[in-house]
Amino acid sequence: MRAVLVVNPQATATTAGGRDVLAHALASEVKLEVVETTHRGHAAAIAAAAAADGAGLVVAHGGDGTVNEVVNGLLSGGSHGPDAAPLFAVVPGGSANVFARAVGYPRDPVEATHVLLDALIAGRRRTVGLGKANSRWFTFSAGMGWDADVVEGVEGKRGKETSPALYARVATAVYLHPPHGRHTLKLELPGSEPQTVRTAFVSNTDPWSYLGKLPIRLNPECSFDTGLGVFALRKLGLFGVLHHLRQALNGKGRQRGRHLIRVDDVTKVRIYAEKPVNLQVDGDLVGERTDVEFVSVPKALTVVV
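Residues numbered from 1 in each chain as written. Predicted model: local features only at pLDDT ≥ 70, side-chain atom pairs only at ≥ 80, totals over all residues. Heavy atoms only, no water.

> Looking at this model, I keep getting lost on the overall build of the chain. Mind explaining?
Counting its regular elements, the chain contains eight helices and 16 strands. In terms of C-alpha radius of gyration, the chain reaches 19 Å, essentially the compact-globule figure of 19 Å for 305 residues. Overall, the C-alpha framework of the chain stretches about 55 × 40 × 35 Å when taken along its three principal axes. Counting every position in the chain, which comprises 305 residues, the buried fraction comes to 51%. Contacts in the chain between residues at least 24 apart in sequence constitute 74% of all its contacts with a sequence separation of at least 6. For the chain, the accessible surface area stands at approximately 13500 Å², while carbon and sulfur atoms represent 53% of it. (Helix = DSSP H or I, 4+ residues; strand = E, 2+ residues; numbered from the N terminus. Rg over C-alpha atoms; globule rule 2.2 N^0.38 Å. Buried < 20%, exposed > 50% of the residue type's maximum accessible area, 1.4 Å probe, protein only. Contact = heavy atoms within 4.5 Å. Areas by Shrake-Rupley, 256 points an atom, 1.4 Å probe, with all protein chains shown as cover.)

Have a look at this one:
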(Lines give C-alpha, C1' and ligand atoms only; values in the text may rest on other atoms or scores of the structure.)
Protein backbone atom coordinates (compact mmCIF):
# COMPACT_ATOMS: atom_id res chain seq x y z
CA MET A 1 0.00 0.00 0.00
CA ARG A 2 1.22 3.50 -0.84
CA ALA A 3 0.85 5.90 2.09
CA VAL A 4 1.49 9.56 2.84
CA LEU A 5 2.45 10.75 6.33
CA VAL A 6 1.47 14.39 6.91
CA VAL A 7 3.49 15.93 9.75
CA ASN A 8 2.84 19.31 11.37
CA PRO A 9 6.21 20.20 12.94
CA GLN A 10 4.61 23.11 14.83
CA ALA A 11 2.11 20.92 16.69
CA THR A 12 2.52 20.84 20.46
CA ALA A 13 3.78 17.27 20.89
CA THR A 14 5.58 16.64 17.60
CA THR A 15 9.37 16.31 17.48
CA ALA A 16 11.86 15.47 14.75
CA GLY A 17 12.86 12.32 16.62
CA GLY A 18 9.27 11.20 17.05
CA ARG A 19 8.59 11.83 13.37
CA ASP A 20 11.57 9.69 12.36
CA VAL A 21 10.55 6.82 14.63
CA LEU A 22 7.00 6.94 13.27
CA ALA A 23 8.17 7.09 9.65
CA HIS A 24 10.58 4.18 10.15
CA ALA A 25 7.87 2.06 11.75
CA LEU A 26 5.31 2.80 9.03
CA ALA A 27 7.82 2.19 6.26
CA SER A 28 8.07 -1.43 7.41
CA GLU A 29 4.44 -1.98 6.37
CA VAL A 30 3.73 0.52 3.56
CA LYS A 31 5.45 2.40 0.76
CA LEU A 32 5.76 5.72 2.58
CA GLU A 33 6.15 9.36 1.63
CA VAL A 34 6.65 11.89 4.43
CA VAL A 35 5.60 15.52 3.94
CA GLU A 36 5.91 18.29 6.55
CA THR A 37 3.48 21.18 6.53
CA THR A 38 4.81 24.73 6.25
CA HIS A 39 1.71 26.92 6.45
CA ARG A 40 -1.99 26.95 7.24
CA GLY A 41 -3.94 24.96 4.68
CA HIS A 42 -0.89 22.97 3.58
CA ALA A 43 -2.08 19.73 5.20
CA ALA A 44 -5.34 19.92 3.25
CA ALA A 45 -3.45 20.44 -0.01
CA ILE A 46 -1.14 17.49 0.71
CA ALA A 47 -4.07 15.21 1.52
CA ALA A 48 -6.02 16.29 -1.57
CA ALA A 49 -3.00 15.57 -3.77
CA ALA A 50 -2.52 12.17 -2.10
CA ALA A 51 -6.16 11.25 -2.75
CA ALA A 52 -5.93 12.41 -6.38
CA ASP A 53 -2.73 10.37 -6.87
CA GLY A 54 -4.37 7.19 -5.62
CA ALA A 55 -2.70 6.82 -2.22
CA GLY A 56 -4.23 4.03 -0.17
CA LEU A 57 -3.58 5.57 3.25
CA VAL A 58 -3.01 9.06 4.64
CA VAL A 59 -1.73 9.47 8.21
CA ALA A 60 -1.97 12.77 10.10
CA HIS A 61 0.67 13.43 12.75
CA GLY A 62 -0.27 16.62 14.55
CA GLY A 63 -3.10 18.11 16.55
CA ASP A 64 -6.81 18.41 15.85
CA GLY A 65 -6.24 21.25 13.39
CA THR A 66 -3.98 19.04 11.30
CA VAL A 67 -6.53 16.22 11.44
CA ASN A 68 -9.27 18.59 10.30
CA GLU A 69 -7.22 19.87 7.38
CA VAL A 70 -6.26 16.37 6.24
CA VAL A 71 -9.87 15.16 6.40
CA ASN A 72 -11.03 18.18 4.40
CA GLY A 73 -8.30 17.50 1.84
CA LEU A 74 -9.20 13.83 1.54
CA LEU A 75 -12.87 14.63 0.92
CA SER A 76 -12.35 17.75 -1.19
CA GLY A 77 -13.04 15.87 -4.41
CA GLY A 78 -16.72 15.70 -3.54
CA SER A 79 -16.82 11.95 -2.87
CA HIS A 80 -17.03 10.41 0.58
CA GLY A 81 -17.82 7.03 2.02
CA PRO A 82 -16.01 3.82 2.97
CA ASP A 83 -14.61 3.20 -0.52
CA ALA A 84 -14.40 6.69 -2.00
CA ALA A 85 -11.44 8.23 -0.13
CA PRO A 86 -8.09 6.80 1.03
CA LEU A 87 -7.92 5.15 4.43
CA PHE A 88 -7.17 7.60 7.22
CA ALA A 89 -5.13 7.23 10.42
CA VAL A 90 -3.91 9.52 13.19
CA VAL A 91 -0.85 9.63 15.41
CA PRO A 92 -1.54 12.30 18.06
CA GLY A 93 0.84 15.24 18.12
CA GLY A 94 -1.21 18.06 19.62
CA SER A 95 -2.45 19.11 23.03
CA ALA A 96 -6.05 17.81 23.10
CA ASN A 97 -6.11 15.23 20.26
CA VAL A 98 -9.88 14.89 20.62
CA PHE A 99 -10.57 12.98 17.40
CA ALA A 100 -7.67 10.57 17.87
CA ARG A 101 -8.72 9.73 21.42
CA ALA A 102 -12.41 9.47 20.53
CA VAL A 103 -11.76 7.07 17.68
CA GLY A 104 -9.58 4.82 19.84
CA TYR A 105 -5.92 5.92 19.68
CA PRO A 106 -3.83 6.40 22.86
CA ARG A 107 -2.60 9.91 23.65
CA ASP A 108 1.05 8.87 23.58
CA PRO A 109 2.46 9.03 20.01
CA VAL A 110 4.63 5.92 20.48
CA GLU A 111 1.73 3.85 21.81
CA ALA A 112 -0.49 5.20 19.03
CA THR A 113 2.12 4.13 16.46
CA HIS A 114 2.01 0.57 17.83
CA VAL A 115 -1.79 0.58 17.61
CA LEU A 116 -1.63 1.83 14.03
CA LEU A 117 0.88 -0.84 13.00
CA ASP A 118 -1.17 -3.59 14.63
CA ALA A 119 -4.29 -2.30 12.88
CA LEU A 120 -2.54 -2.26 9.50
CA ILE A 121 -1.29 -5.82 9.96
CA ALA A 122 -4.67 -7.08 11.20
CA GLY A 123 -6.70 -5.06 8.68
CA ARG A 124 -8.72 -3.31 11.40
CA ARG A 125 -10.84 -0.45 10.13
CA ARG A 126 -13.66 1.69 11.45
CA THR A 127 -16.10 3.76 9.42
CA VAL A 128 -17.14 7.03 11.07
CA GLY A 129 -19.71 9.69 10.41
CA LEU A 130 -18.61 13.32 10.12
CA GLY A 131 -20.23 16.73 10.25
CA LYS A 132 -20.24 19.58 7.77
CA ALA A 133 -20.50 23.28 8.59
CA ASN A 134 -21.63 24.64 5.23
CA SER A 135 -18.79 23.30 3.06
CA ARG A 136 -16.27 22.63 5.86
CA TRP A 137 -15.98 19.11 7.28
CA PHE A 138 -15.51 18.63 11.03
CA THR A 139 -14.67 15.48 12.93
CA PHE A 140 -15.76 16.12 16.52
CA SER A 141 -17.13 19.63 17.14
CA ALA A 142 -18.07 23.02 15.78
CA GLY A 143 -19.59 26.11 17.29
CA MET A 144 -20.62 29.71 16.98
CA GLY A 145 -20.39 32.35 19.67
CA TRP A 146 -18.42 32.13 22.88
CA ASP A 147 -16.36 29.01 22.12
CA ALA A 148 -15.35 30.34 18.68
CA ASP A 149 -14.28 33.62 20.27
CA VAL A 150 -12.16 31.61 22.73
CA VAL A 151 -10.50 29.80 19.82
CA GLU A 152 -9.73 33.16 18.22
CA GLY A 153 -8.21 34.41 21.49
CA VAL A 154 -6.07 31.31 21.97
CA GLU A 155 -4.78 31.45 18.38
CA GLY A 156 -3.65 35.01 19.02
CA LYS A 157 -1.66 34.06 22.13
CA ARG A 158 -0.11 30.64 21.65
CA GLY A 159 3.00 29.61 19.83
CA LYS A 160 3.95 25.95 19.68
CA GLU A 161 3.13 25.58 23.36
CA THR A 162 -0.42 25.50 24.63
CA SER A 163 -2.11 24.24 27.78
CA PRO A 164 -5.48 23.83 29.51
CA ALA A 165 -4.55 26.84 31.65
CA LEU A 166 -4.23 29.01 28.54
CA TYR A 167 -7.68 27.97 27.33
CA ALA A 168 -9.16 28.59 30.80
CA ARG A 169 -7.63 32.08 31.01
CA VAL A 170 -8.81 33.04 27.54
CA ALA A 171 -12.30 31.59 28.13
CA THR A 172 -12.62 33.66 31.30
CA ALA A 173 -11.35 36.82 29.62
CA VAL A 174 -13.67 36.39 26.63
CA TYR A 175 -16.63 35.78 28.94
CA LEU A 176 -15.94 38.88 31.03
CA HIS A 177 -14.97 41.11 28.11
CA PRO A 178 -16.43 39.75 24.84
CA PRO A 179 -14.17 41.01 22.04
CA HIS A 180 -17.07 41.19 19.58
CA GLY A 181 -19.87 42.05 22.00
CA ARG A 182 -22.62 39.78 23.29
CA HIS A 183 -23.86 37.52 20.52
CA THR A 184 -27.51 36.88 19.72
CA LEU A 185 -27.98 33.77 17.60
CA LYS A 186 -30.97 31.99 16.12
CA LEU A 187 -31.01 28.20 16.47
CA GLU A 188 -33.23 26.30 14.06
CA LEU A 189 -33.78 22.56 14.58
CA PRO A 190 -35.75 20.31 12.20
CA GLY A 191 -39.48 20.69 12.76
CA SER A 192 -39.10 23.50 15.31
CA GLU A 193 -39.39 27.26 15.31
CA PRO A 194 -36.11 29.22 15.61
CA GLN A 195 -35.01 29.94 19.17
CA THR A 196 -32.80 32.77 20.40
CA VAL A 197 -29.55 31.64 22.07
CA ARG A 198 -26.30 33.23 23.21
CA THR A 199 -23.90 30.45 22.27
CA ALA A 200 -24.22 27.11 20.48
CA PHE A 201 -22.05 23.98 20.34
CA VAL A 202 -22.47 21.23 17.76
CA SER A 203 -20.93 17.80 18.47
CA ASN A 204 -20.17 14.88 16.20
CA THR A 205 -19.02 12.63 19.05
CA ASP A 206 -18.48 12.55 22.81
CA PRO A 207 -16.62 14.13 24.52
CA TRP A 208 -16.86 17.62 23.07
CA SER A 209 -13.26 18.31 24.10
CA TYR A 210 -10.79 17.81 26.95
CA LEU A 211 -9.46 19.99 29.73
CA GLY A 212 -6.13 18.23 30.21
CA LYS A 213 -7.08 14.64 31.08
CA LEU A 214 -10.67 15.57 31.95
CA PRO A 215 -13.29 15.06 29.24
CA ILE A 216 -15.74 17.92 28.67
CA ARG A 217 -19.06 16.20 28.00
CA LEU A 218 -21.94 18.18 26.53
CA ASN A 219 -23.84 15.49 24.59
CA PRO A 220 -22.93 12.07 26.06
CA GLU A 221 -25.28 10.22 23.70
CA CYS A 222 -23.49 11.56 20.64
CA SER A 223 -21.14 9.29 18.70
CA PHE A 224 -19.58 8.72 15.27
CA ASP A 225 -22.51 6.35 14.57
CA THR A 226 -25.31 8.85 15.32
CA GLY A 227 -26.37 12.26 14.11
CA LEU A 228 -25.18 15.55 15.56
CA GLY A 229 -25.59 16.72 19.14
CA VAL A 230 -26.60 20.30 19.90
CA PHE A 231 -25.91 22.16 23.13
CA ALA A 232 -27.03 25.80 23.34
CA LEU A 233 -27.67 28.31 26.10
CA ARG A 234 -30.35 30.98 25.95
CA LYS A 235 -28.50 33.03 28.58
CA LEU A 236 -24.88 33.26 29.73
CA GLY A 237 -25.30 34.24 33.35
CA LEU A 238 -22.25 33.51 35.51
CA PHE A 239 -23.91 31.01 37.83
CA GLY A 240 -25.58 29.24 34.92
CA VAL A 241 -22.30 28.91 33.03
CA LEU A 242 -20.50 27.56 36.12
CA HIS A 243 -23.39 25.14 36.71
CA HIS A 244 -23.11 23.69 33.20
CA LEU A 245 -19.31 23.59 33.34
CA ARG A 246 -19.47 21.55 36.54
CA GLN A 247 -21.93 19.14 34.93
CA ALA A 248 -19.73 18.87 31.83
CA LEU A 249 -16.72 17.90 33.94
CA ASN A 250 -18.40 15.52 36.40
CA GLY A 251 -17.71 12.47 34.21
CA LYS A 252 -21.34 11.81 33.26
CA GLY A 253 -22.19 14.94 31.31
CA ARG A 254 -25.84 14.89 32.36
CA GLN A 255 -26.84 18.44 31.59
CA ARG A 256 -29.88 20.17 33.09
CA GLY A 257 -30.78 23.84 33.29
CA ARG A 258 -33.57 26.35 32.68
CA HIS A 259 -31.78 28.05 29.81
CA LEU A 260 -30.39 24.92 28.17
CA ILE A 261 -31.33 23.53 24.77
CA ARG A 262 -29.82 20.07 24.30
CA VAL A 263 -30.76 17.56 21.61
CA ASP A 264 -29.06 14.45 20.22
CA ASP A 265 -29.00 12.58 16.93
CA VAL A 266 -30.18 15.37 14.63
CA THR A 267 -29.50 15.28 10.90
CA LYS A 268 -29.01 19.02 10.60
CA VAL A 269 -29.21 22.29 12.48
CA ARG A 270 -29.04 25.88 11.29
CA ILE A 271 -27.51 28.75 13.28
CA TYR A 272 -27.70 32.30 12.01
CA ALA A 273 -27.27 35.86 13.20
CA GLU A 274 -27.88 39.41 11.99
CA LYS A 275 -24.22 40.32 12.45
CA PRO A 276 -21.21 38.14 11.55
CA VAL A 277 -19.99 35.94 14.42
CA ASN A 278 -17.01 33.62 14.67
CA LEU A 279 -17.25 29.99 13.60
CA GLN A 280 -14.87 27.29 14.80
CA VAL A 281 -14.53 23.69 13.61
CA ASP A 282 -12.46 21.12 15.50
CA GLY A 283 -10.83 23.92 17.49
CA ASP A 284 -9.75 25.92 14.43
CA LEU A 285 -11.10 29.37 13.65
CA VAL A 286 -12.82 29.45 10.25
CA GLY A 287 -13.80 33.12 10.33
CA GLU A 288 -16.97 35.16 10.67
CA ARG A 289 -20.28 33.89 9.35
CA THR A 290 -23.92 35.00 9.51
CA ASP A 291 -25.59 31.73 8.49
CA VAL A 292 -24.28 28.18 8.91
CA GLU A 293 -26.03 24.88 8.30
CA PHE A 294 -24.51 21.95 10.18
CA VAL A 295 -25.23 18.56 8.60
CA SER A 296 -24.52 15.00 9.75
CA VAL A 297 -22.91 12.78 7.09
CA PRO A 298 -23.00 9.07 8.06
CA LYS A 299 -20.18 6.69 7.13
CA ALA A 300 -18.10 9.45 5.59
CA LEU A 301 -14.58 8.17 6.29
CA THR A 302 -12.78 4.89 7.02
CA VAL A 303 -10.21 5.04 9.82
CA VAL A 304 -7.47 2.49 10.49
CA VAL A 305 -7.42 1.90 14.25
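Further notes follow.
> I tried to follow the packing of helix α1 (residues 16-27) against helix α5 (residues 109-122) on my own but got confused; where do I start?
If you want to describe how two helices pack, look at the angle between their axes and the distance between the axes. Between α1 and α5, the least distance of the axes is 10 Å, while the angle of their chain directions is 10 degrees. Considered as vectors, α1 and α5 are oriented roughly parallel to each other. Crossing handedness for the pair α1 and α5: right-handed. Residues Leu-22, Ala-25 and Leu-26 of α1 lie in contact with α5, whose contacting residues are Thr-113, Leu-116, Leu-117 and Leu-120. (Axes fitted to C-alpha atoms, helices over the stretch in contact; angles between N-to-C directions. Parallel < 35°, antiparallel > 145°, perpendicular 65-115°, else oblique. Left-handed = near helix turned anticlockwise from the far one by under 90°.)

> Sorry, what's going on with empty space enclosed by the protein here?
Remark: the empty space left among the atoms is shown by a probe the size of a water molecule rolled over them. All told, the structure shown has one cavity of 30 Å³ or more when counted by the stated rule. Counted as a void, the largest cavity has a volume near 110 Å³. The wall of the largest cavity is formed by Trp-146, Asp-149, Val-174, Tyr-175, Pro-178, Gly-181, Arg-182, His-183, Arg-198 and Leu-236. Breaking the lining of the largest cavity down by element, the ones donating at least two residues are α6 (146-155) and α7 (164-176). When grouped by side-chain class, the residues that make up the lining of the largest cavity number five nonpolar, two polar and three charged. (1 Å grid on protein atoms, 1.4 Å probe; cavity = no way out; pocket = protein on both sides within 12 Å on 5 of 7 lines; lining within 4 Å. Points joined across faces, edges and corners; volume = space filled by probe spheres on them. Nonpolar A, V, L, I, M, F, W, Y, C, P; charged D, E, K, R; others polar.)

> For this particular structure, what's the right way to read the side chain of Thr-113?
Within the element layout of this structure, Thr-113 appears in helix α5. Judged by relative accessible area, which is 8%, Thr-113 ranks as buried. The residues contacting Thr-113, other than those within four sequence positions of it, are Leu-22, Ala-25 and Val-91.

> I'm lost on the nonpolar core in this one. Help?
For soluble globular proteins, nonpolar side chains are generally found buried alongside one another. Within the largest apolar cluster, 54 residues are counted, with the highest numbers of intra-cluster contacts made by Val-70, Phe-88, Phe-99 and Tyr-105. Aside from chain neighbours lying at most four places away, what touches Phe-99 is Asp-64, Val-67, Phe-88, Val-90, Thr-139, Phe-140, Phe-224 and Val-303. With 23 residues, the next largest nonpolar core counts Phe-138, Leu-189, Ala-232 and Phe-294 among its residues. (Core = buried A, V, L, I, M, F, W, Y, C linked by side-chain atoms within 4.5 Å.)

> Explain the pairing of strand β10 (residues 199-203) to me, please; I cannot follow it from the model alone.
Regular strands show a simple pattern: their side chains alternate between the two faces of the sheet. Of all five residues that make up β10, five are buried, and the element is covered over most of its length. Across four bridges, strand β7 (residues 141-144) lies against β10 in antiparallel orientation. Paired with Ala-142 across the bridge in β10 is Val-202. (Pairing = 2+ DSSP bridges.)

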